[in-house]
Amino acid sequence: MTPRAEQGAGLRADAARNRARVLQVAREQLAGGDDSLQLNAIARLAGVGVGTVYRHFPNRHALWEALSAERFQELVAEAQAAAADEDALAGLHRLLRFALGRALDDAGFAAVLESANDAEARTSTMKAELDRAVAELLDRARRTGAVRRDIEAEDVRRLLCGIEHAVRSGDSDPTRAEVYLDVLLEGLRPPR
């Protein structure tokens, strides 16, 4: 699937209103505990046609991307702040804890973070910004000998998603998340 440029900006006024209404209803569904995001049901609740929903969000994942955009931007900002941290390793640790917490709080966001294919161009852009900040952080940590040389930013994202999946597949015990994250952090160290 190729990234979609259409995200609300540049839409006709009625199309932008419909898109906003669909997102509002989807957020209400999530707040009410329903994370199924059935596009037909959302269309009915939003008072728009099913075709309208599918025009904006061709599948459930595209809707998750739109709903996760703000959270993803927060992650990018945190990664950029971590990259600017004087202590690169401390910045990396803080970023990984932040990202894991966000992914565990929001399964839809986690799915967007781990997906190899993006529906929205904005998501692809944010993933590239995230990877650039993490790559800068890894480069700085490598220069101090704190991180192994064969790990890349995309690897870190995938490993973090693996931890999120491991925690969810168990009993979601938050102490396990800390243990798994410590294992990841230890594994990022260069071999002795």
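Residues numbered from 1 in each chain as written. Predicted model: local features only at pLDDT ≥ 70, side-chain atom pairs only at ≥ 80, totals over all residues. Heavy atoms only, no water.

Focus on the nonpolar core
Now for step 1: Membership of the largest hydrophobic core comes to 56 residues, with the highest contact counts inside it found for Leu-63, Phe-72, Leu-75, Leu-96, Leu-130 and Leu-181.
Now for step 2: Contributing elements (two or more residues each) for this core: α1 (13–31), α2 (39–46), α4 (60–84), α5 (88–105), α6 (107–114), α7 (121–143), α8 (153–169) and α9 (174–187).
Now for step 3: Ranked by residues supplied to this core, first place goes to α4 with 12 residues.
Now for step 4: Residue contacts for Leu-130: discarding those within four places in its chain leaves Phe-72, Leu-75, Val-76, Ala-79, Leu-113 and Arg-157. (Core = buried A, V, L, I, M, F, W, Y, C linked by side-chain atoms within 4.5 Å. Buried < 20%, exposed > 50% of the residue type's maximum accessible area, 1.4 Å probe, protein only. Helix = DSSP H or I, 4+ residues; strand = E, 2+ residues; numbered from the N terminus. Contact = heavy atoms within 4.5 Å.)

Details of the environment of Ser-124
Now for step 1: In this fold, Ser-124 is placed in helix α7.
Now for step 2: For Ser-124, a relative accessible area of 24% translates into the label partly exposed.
Now for step 3: Among the polar contacts listed, one links the side chain of Ser-124 to the side chain of Asp-118, at a separation of 2.9 Å. (Polar contact = N/O pair within 3.5 Å; in protein donor to acceptor, adjacent residues only side chain to side chain.)

Some thoughts on unusual backbone geometry
Now for step 1: The phi angle at Leu-37 is positive, at roughly 45 degrees, despite the residue not being glycine.
Now for step 2: Structurally, the position occupied by Leu-37 is in the loop between α1 and α2.
Now for step 3: With relative accessibility at 2%, the residue Leu-37 sits in the buried group.

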